[in-house]
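Now for the letters of each chain:
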Amino acid sequence: MAKHLKLDAWKKEILTGNLCPYCNDLTKRIKGSEIYGEDTPWADLDFMLCRPCWAYTGVHQKSGIALGSVANALLRDKRRAANQVFDRLYQEAHLTRTQAYLWLAKQLGLNRKLTHIGMFGEETCDLVVELVPPFLEKLRQQTNLRK
Ligand SMILES: [Zn+2]
């Protein structure tokens, strides 16, 4: 089995937040104050931003690496929704985050390295929102049967 997917350089630049997937232009590293304003908890944090598309993503503060691709407002909403059901997944199924990501990778047929909500596009986020609730429902029913 192939252990890693070979991404072409372009796709890799998108997934690491260096290129904007909407306009293909280079993103810029900026401070959160540009997005959220000065008096916010995010003001001093780093973000990657494509200004013309107003697409952005957070940056892992220790490594300085973007958490994924920059996202416009619609995709940010969809990622937020996917994150919410993902939180429910590992909490309600009593999984670690890593186990939950492994489950998700299997369900989506994705390489584990590419299974990060910050890297997902709109359709993959929608899939996460569709897949998780029936799985949790099934778990609940199994737990009830054992009682
Ligand atoms: Zn752009």
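Conventions and cut-offs
- Residues numbered from 1 in each chain as written.
- Predicted model: local features only at pLDDT ≥ 70, side-chain atom pairs only at ≥ 80, totals over all residues.
- Domains from an automatic or database assignment.
- Contact = placed C-beta atoms within 7 Å.
- Nonpolar A, V, L, I, M, F, W, Y, C, P; charged D, E, K, R; others polar.
- Buried ≥ 20, exposed ≤ 12 C-beta atoms within 10 Å, placed from the backbone.
- Helix = DSSP H or I, 4+ residues; strand = E, 2+ residues; numbered from the N terminus.
- Pairing = 2+ DSSP bridges.
- Axes fitted to C-alpha atoms, helices over the stretch in contact; angles between N-to-C directions.
- Expected span 1.5 Å × (residues − 1).
- Arc of directions from axis to C-beta.
- Core = buried A, V, L, I, M, F, W, Y, C linked by C-beta atoms within 7 Å.

### Considerations on the domain arrangement of the protein chain
In step 1: Domains assigned within the protein chain are domain 1 (1–70) and domain 2 (72–147).
In step 2: Using C-alpha coordinates to define each centre, domain 1 is positioned 22 Å away from domain 2.
In step 3: Listed by partner, the interface residues are 11 residues for domain 1 and 7 residues for domain 2.
In step 4: Classifying every residue of the side of domain 1 that touches domain 2 gives 7 nonpolar, 4 polar and no charged.

### A closer look at the pairing of strand β2 (residues 46–50)
In step 1: The buried count for β2 comes to 4 of 5 residues, which makes it a mostly enclosed element.
In step 2: In the sheet, strand β1 (residues 28–31) pairs with β2 via 4 bridges, with the strands oriented antiparallel. Counted as the bridge partner of Ile30 is Phe47 from β2.
In step 3: Counted between consecutive antiparallel strands, the loop separating β2 from strand β3 (residues 55–58) contains 4 residues, among which Trp54 sits at a positive phi close to 50°.

### Quick look at unusual backbone geometry
In step 1: The phi angle at Asn24 is positive, at roughly 65°, despite the residue not being glycine.
In step 2: In this structure, Asn24 sits in the loop between α1 (9–15) and β1.
In step 3: Asn24 gets classed as exposed once you count the C-beta atoms within 10 Å, which come to 11.
In step 4: The backbone phi angle of Trp54 is positive, close to 50°, even though this residue is not glycine.
In step 5: Following the sequence through the fold, Trp54 ends up in the loop between β2 and β3.
In step 6: Owing to 14 C-beta atoms within 10 Å, Trp54 belongs among the partly exposed residues under this scheme.

### Considering the sheet that holds β1
In step 1: Across the sheet, which stays open at both edges, the 3 strands sit in the order β1-β2-β3 with antiparallel pairing between neighbours. Both outer strands of the open sheet, β1 and β3, are each paired with one neighbouring strand and no more. With strand direction ignored, the average angle separating the axes of adjacent strands in the sheet is 35°.

### Thoughts on helix α3 (residues 73–92)
In step 1: Spanning 20 residues, α3 covers 29 Å between terminal C-alpha atoms, matching the ideal 28 Å at 1.5 Å per step.
In step 2: Three or more residues of α3 are buried, namely Leu75, Lys78, Arg79, Ala82, Phe86 and Leu89. In a view along the axis of α3, the buried residues occupy a sector of 100°, so they form one face of it. Away from the buried face of α3 by more than 90 degrees, exposed residues Ala73, Arg80 and Gln91 are located.
In step 3: Contacts made by the buried residues of α3 are with α4 (97–108) and α5 (122–146).
In step 4: Just beyond α3, the residue with positive phi is His94, at close to 55°.

### Some words on the nonpolar core
In step 1: The biggest cluster of nonpolar side chains holds 13 residues, and the ones touching the most others in it are Cys20, Met48, Leu49, Cys50, Ala55, Tyr56 and Val70.
In step 2: Secondary structure elements with two or more residues in this core: β2 and β3.
In step 3: The element that contributes the greatest number of residues to this core is β2, accounting for 4 residues.
In step 4: In this structure Val70 touches Gly17, Cys20, Thr27, Met48, Leu49, Cys50, Ala55, Tyr56 and Thr57, once residues within four positions along its chain are discounted.
In step 5: One finds Ala82, Met119, Cys125 and Val132 within the second-largest nonpolar core, a separate group that totals 11 residues.

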